[in-house]
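Listed below, chain by chain, are the residues.
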Amino acid sequence: MTDHASKPLTGVDIAWLRMDSPTNLMIINAMIITEDMEFKDFKNTIINRFLRFPRFMTRPVQVSGEYVWEKDPYFDLANHVKKVALPGKADKKALQTYLADQLSMPFDDSKPLWQILFVENYQGGRAIILRVHHCYADGLALISVFNSITDGSANVAPFSVAQTASNEETPDEELNYEWPKYQRLIDNASERADRYAKFAKKISSDGISILRDQDAMRGIVGDGVRAATELAQLATMPADPRSTLKGKLGVRKTCAWSEPVSFEKFHGIAKVVGCKINDLLMSCVAGAFREELIRAGENLEGRNVHVTIPVNIRPMDKMDLSQNPDDLGNQFGTVFAALPVDIENPLERVYKIKHDMIALKQSLQPALSYGILYATGMLPKSMQRALTESFGNKTTAVMSNVPGPREARYIAGSKIKEQMFWVPQTGDLGIGLSIISYGGQIQFGLVGDSRLLPNPERIVSQFVAQIELHRTDIVASYIEDLVQPTVIG
């Protein structure tokens with residue numbers, strides 16, 4: 001294994017480390033709901049499996065102007081893994097309130113930037129909350145960590161090597177771009193660092209307006225005219241206007257999550273419509289946002305709400321991090337997707353999204369956004385903020401799909417009944433949407449600023465209600481086709 005005492009952070013990881021603000025912390029929050037479990041058994045699993053990943057015993061520090069991973073000389077598991085109890089009925093509302101309070105709690109940067117909260121009294125079982133700073137790993141890397149500390153059956157010793165988990169076909173599968181497509185933009189580490197250092201130097205000397213200059217960008221971004229054109233389009237894309245979903249932020253957060261919904265329900269509707277499951281999920285989100293905007297009395301004519309969607313660019317042969325425990329970090333780009341909230345009819349809306357996503361899948365946006373973020377980590381912090389805000393504030397929300405295991409998993413011998421995560425929001429964005437599949441089910445999660453989302457449960461319930469609206473519209477369309485008169489000529 002690599003000696004993390006001197007291993008430098010990548011430009012992308014530096015960018016995430018420096019992106020914290022009082023209103024938005026760059027912390028990934030995840031949770032699993034399990035059957036009853038002893039705390040000592042859980043701690044043994046963390047010691048023998050979670051800490052196999054060396055990064056979790058290190059902290060990011062700046063030494064002589066360079067950010068490096070430094071092993072914590074005073075590492076103590078008790079600083080990171082804590083047993084807590086919910087007050088009162090210890091029901092879902094109590095857990096939701098407790099989690100919302102944790103979302104705005106920053107880490108002590110003198111220690112490794114992660115924490116696990118073992119809630120011992122939730123509905124006859126346990127709720128385990130994992131909080132990890134984004135500079136350590138992205139969502140798919142953390143799913144691999146999750147698979148490494150869990151098992152496919154209950155009767156496995158907590159100190160043994162985890163059984164491999166298999167992933168089902170998931171809602172975000174069609175956004176997993178093939179690696180060769182980006183070989184010229186995201187290549188080996190030394191070439192990548194040189195290219196993005198050149199990119200950062202150009203931005204530093206000429207300002208962020210240089211991104212709009214296609215001629216200046218050719219040769220720097222590595223894919224000639226097309227990449228320079230797309231980069232200019234991204235830089236000049238107008239930001240979503242202020243709305244009931246986008247506005248001034250405070251410090252407090254709210255959160256909510258749905259009950260599990262059968263994966264087959266989504267699969268059946270998508271099969272009949274002839275779309276990807278991801279198209280259907282995005283249409284449900286658009287429908288829920290539409291209802292919230294209508295409730296606020298906003299004009300929706302010709303209106304789109306844009307969301308930032310993470311896209312995995314990690315090579316598929318490096319997805320299993322149990323074989324490469326040093327290779328956490330962030331390897332994803334983003335795309336800006338339009339949700340047509342002006343379209344009332346669910347079928348019309350999902351077909352519009354299907355059409356738009358086909359075009360978006362041919363875009364270089366994931367690689368370009370990764371390159372921009374890598375370069376910003378090499379810039380002075382003040383310039384990083386200006387650059388990330390110029391891109392990050394164009395949308396209204398972050399929306400992330402993460403594939404979970406197809407079969408039920410066990411941790412420390414206890415079955416995991418549900419799992420959920422909440423994505424951080426960058427810049428001045430105040431809403432994060434998360435969708436995860438696990439054990440043949442799908443769940444929606446929502447996190448947001450308490451000023452914008454005083455009632456997150458209402459929007460989450462709308463996500464689920466939209467599924468039935470799509471099903472109803474399909475049936476209505478089918479009946480309409482049946483009763484059409486036959487024309488004899």
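See the structure above.
Residues numbered from 1 in each chain as written. Predicted model: local features only at pLDDT ≥ 70, side-chain atom pairs only at ≥ 80, totals over all residues. Heavy atoms only, no water.

Q: Would you take a moment to explain the nonpolar core for this structure?
A: Across soluble globular proteins, nonpolar side chains have a tendency to be buried as a group. Judged by nonpolar contacts, the single largest core of 51 residues is most densely connected at Phe42, Phe50, Phe56 and Trp114. At the level of elements, helix H1 (11–17), strand E2 (27–34), helix H2 (39–48), strand E4 (66–71), strand E6 (114–122), strand E7 (125–133), helix H4 (139–149) and helix H11 (365–376) are the ones that each hand at least two residues to this core. With sequence-adjacent residues up to four places away left out, Phe56 is seen in contact with Phe50, Leu51, Phe75, Pro112, Trp114, Val132, Tyr136, Leu142, Val145 and Leu328. (Core = buried A, V, L, I, M, F, W, Y, C linked by side-chain atoms within 4.5 Å. Buried < 20%, exposed > 50% of the residue type's maximum accessible area, 1.4 Å probe, protein only. Helix = DSSP H or I, 4+ residues; strand = E, 2+ residues; numbered from the N terminus. Contact = heavy atoms within 4.5 Å.)

Q: For this particular structure, what's the right way to read unusual backbone geometry?
A: Most of the time, phi is negative for any residue but glycine, and the peptide bond is trans. A positive phi is found at Ala90, a non-glycine position, where the angle reads about 55°. Tracing the chain through its elements places Ala90 in the loop between strand E5 (81–84) and helix H3 (92–103). By relative accessible area, which is 6% here, Ala90 ends up buried. Non-glycine residue Gln123 carries a positive phi angle of around 50°. As for its position among the elements, Gln123 is in the loop between E6 and E7.

Q: Can you help me understand the packing of helix H8 (residues 263–273) against helix H9 (residues 277–295) in this one?
A: The geometry of a pair of packed helices is captured by two quantities: the angle between their axes and the separation between those axes. Packing of H8 against H9 leaves a shortest axis separation of 9 Å and a crossing angle of 100°. Viewed along their axes, H8 and H9 adopt a mutual orientation that is roughly perpendicular. Counted together, Phe263, Phe266, His267, Ile269 and Ala270 of H8 and Ile277, Leu280 and Leu281 of H9 form the full contact between these two elements. Per-class residue counts for the contact of H8 with H9 are 7 nonpolar, 1 polar and no charged. (Axes fitted to C-alpha atoms, helices over the stretch in contact; angles between N-to-C directions. Parallel < 35°, antiparallel > 145°, perpendicular 65-115°, else oblique. Nonpolar A, V, L, I, M, F, W, Y, C, P; charged D, E, K, R; others polar.)

Q: What exactly am I supposed to notice about the environment of Ala100 here?
A: Residue position: Ala100 is located in helix H3. Taking the relative accessible area as the measure of exposure, Ala100 reaches 7% and is therefore buried. Spatially, the C-alpha atoms of Ala100 and Gly448 are 9.4 Å apart, while their sequence positions differ by 348 residues. Residue contacts for Ala100: discarding those within four places in its chain leaves Lys253, Thr254 and Cys255.

Q: Would you mind showing me how to read the state of the cysteines here?
A: Each disulfide is one covalent bond, formed between the sulfur atoms of two cysteines. Following the criterion strictly, the structure yields 0 disulfides and no others. Cysteine Cys284 is unpaired, with the sulfur of Cys275 as its nearest cysteine sulfur at 9.5 Å. (Disulfide = S-S within 2.5 Å.)

Q: Help me understand the sheet that holds strand E1 (residues 7–8) in this model?
A: Within a beta sheet, neighbouring strands are joined by backbone hydrogen bonds and run either parallel or antiparallel to one another. Strand order in the open sheet formed by 3 strands is E1-E4-E3, and the pairing between neighbours is antiparallel. Bordering the open sheet on either side are E1 and strand E3 (58–63), each of which pairs with just one other strand. Relative to E4, E1 runs antiparallel, the two being bridged by 2 bridges. Residue pairing across strands places Lys7 opposite Trp69, the latter belonging to E4. (Pairing = 2+ DSSP bridges.)

Q: Before we go on, may I ask you to explain the environment of Asn299 in this structure?
A: Inspection of the secondary structure assignment puts Asn299 in the loop between H9 and strand E10 (305–312). In this structure Asn299 comes out as exposed when scored by relative accessible area, which is 57%. Along the sequence, Asn299 and Asp342 sit 43 residues apart, while their C-alpha atoms lie 8.8 Å from each other. A polar contact of 3.2 Å, which involves the side chain of Asn299, links it to the backbone nitrogen of Glu301. (Polar contact = N/O pair within 3.5 Å; in protein donor to acceptor, adjacent residues only side chain to side chain.)

Q: Mind showing me how you'd approach the pairing of E5 here?
A: Side chains on a regular strand alternate between the two faces of the sheet. As paired strands, E5 and E6 are joined by 4 bridges and run parallel to one another. Following the sheet pairing, Val84 is matched in E6 by Val119. Crossover E5 to E6 through H3 is right-handed. (Right-handed = clockwise from strand over helix to strand, strands pointing away.)

Q: Explanation requested: the packing of H11 against helix H12 (residues 381–392) in the structure shown.
A: Close contact between H11 and H12 brings their axes to 9 Å; oriented N to C, the two are set at 160°. As judged from the angle between their axes, H11 and H12 are roughly antiparallel. The element H11 and its partner H12 pack so that their crossing is left-handed. Within the contact between the two elements, H11 uses Ile372, Leu373 and Thr376 and H12 uses Gln384, Leu387, Thr388 and Phe391. (Left-handed = near helix turned anticlockwise from the far one by under 90°.)

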